[in-house]
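Tertiary structure, described
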Amino acid sequence: MLDQSGIASPSPELADEVRALHPPADPPVVPTPNPRPKPAEINVDQVRRILTTISSSAADGFGAISLPTMRRIFDNPELHLCARACTAFVNRILAGNLSDQVITLLQSSIIIAALKDEHGGQKAGNLRPISMSGILVKIAAKFLSDKYKVAIATALGPRQLGA
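In short, a report on the structure. (Residues numbered from 1 in each chain as written. Predicted model: local features only at pLDDT ≥ 70, side-chain atom pairs only at ≥ 80, totals over all residues. Heavy atoms only, no water.)

Let us look at the overall build of the chain. When helices and strands are counted, the chain shows seven helices and two strands. When the helices and strands of the chain are placed in sequence order, the string is α-α-α-α-α-β-β-α-α. Of all 163 residues assigned to the chain, the portion counted as buried reaches 19%. Taking contacts inside the chain between residues at least 6 apart in sequence as the whole, the part at least 24 apart equals 51%. (Helix = DSSP H or I, 4+ residues; strand = E, 2+ residues; numbered from the N terminus. Buried < 20%, exposed > 50% of the residue type's maximum accessible area, 1.4 Å probe, protein only. Contact = heavy atoms within 4.5 Å.)

What follows concerns a nonpolar patch on the surface. There is a patch of nonpolar side chains on the surface, built from Leu144, Tyr148, Ile152 and Leu156 and spanning about 330 Å² of accessible area. As for its position among the elements, Tyr148 is in the loop between helix H6 (135–147) and helix H7 (149–156). We classify Tyr148 as partly exposed; its relative accessible area is 37%. (Patch = residues over 30% accessible without salt bridge, like charges linked within 9 Å, V, L, I, M, F, W, Y side chains within 5 Å. Areas by Shrake-Rupley, 256 points an atom, 1.4 Å probe, with all protein chains shown as cover. Salt bridge = Lys/Arg side-chain N within 4 Å of Asp/Glu carboxyl O.)

With respect to the element layout, Leu67 can be found in helix H3 (residues 67–75). Along the primary structure Leu67 and Ser56 are separated by eleven residues, whereas in three dimensions their C-alpha atoms are 7.1 Å apart.

Taking 1.5 Å of rise per residue, the 13 residues of H6 would be expected to cover 18 Å, and the 18 Å separating its terminal C-alpha atoms lies within 8% of that figure. Those residues of H6 not exposed but buried are Ile135, Leu136, Lys138, Ile139, Ala140 and Phe143. (Expected span 1.5 Å × (residues − 1).)

What the rule picks out here adds up to five salt bridges. Asp16 serves as the salt-bridge partner of Arg19, at 3.2 Å between the closest nitrogen and oxygen. Taken together, the residues Arg19 and Asp16, both in helix H1 (residues 12–21) and three residues apart, mark about one turn of the helix. A salt bridge links Asp45 to Arg48, with the nearest nitrogen and oxygen atoms 2.6 Å apart. Of the two residues, Asp45 and Arg48 both sit in helix H2 (residues 44–53), three residues apart, roughly one turn of that helix. When its relative accessible area of 53% is taken as the criterion, Asp45 is described as exposed. A single network of salt bridges, built from pairs that share partners, joins Arg49, Lys142, Asp146 and Lys149.

Here the focus is the packing of helix H4 (residues 80–95) against H6. Between two packed helices, the angle of one axis relative to the other and the distance separating the axes together describe the packing. Look at H4 against H6: their axes get within 9 Å of each other, and the N-to-C directions meet at 60 degrees. Taken together, the axes of H4 and H6 are oblique relative to one another. Crossing hand, H4 versus H6: right-handed. Where H4 abuts H6, its residues Cys86, Phe89, Val90, Ile93 and Leu94 lie against Leu136, Val137, Ile139, Ala140, Phe143 and Leu144. Looking at the contact of H4 with H6, its residues break down into eleven nonpolar, no polar and no charged. (Axes fitted to C-alpha atoms, helices over the stretch in contact; angles between N-to-C directions. Parallel < 35°, antiparallel > 145°, perpendicular 65-115°, else oblique. Left-handed = near helix turned anticlockwise from the far one by under 90°. Nonpolar A, V, L, I, M, F, W, Y, C, P; charged D, E, K, R; others polar.)

Geometric values such as these leave the question of function open.
Below you can see the structure in the form of structure tokens.
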């Protein structure tokens, strides 16, 4: 059945042989992937509560809205549209629904090393890294850490040093 080049010439006999070796079958069933779970969402009241839990000494991000300004936005009823827009942006952060450029900007952070203070204002000599990420990223991170605190502690607790 093979010609000089080693390739079989098309013929009805060859077609019958191929059909005998490979009988028709239903196509394989490919399982549909689980739909992506709906991302956690935050509302204006939750953002307002989170803003009260972020330390006033927390560093503002490079070119970011300051924590006191963000608190004023969420506490002032006349600025409710701005608060809703900030909340919508935090929800986009949580959903990962951002352009690559925006993600790059949000992931950019200035880290500074500050000496830890001991009691009495003396420098302890140990360094403490301080992230200068934006307040909106801090809100999203705080929301997620609060939401998954128990699950994270359960998963990571036994693996932490000193545990």
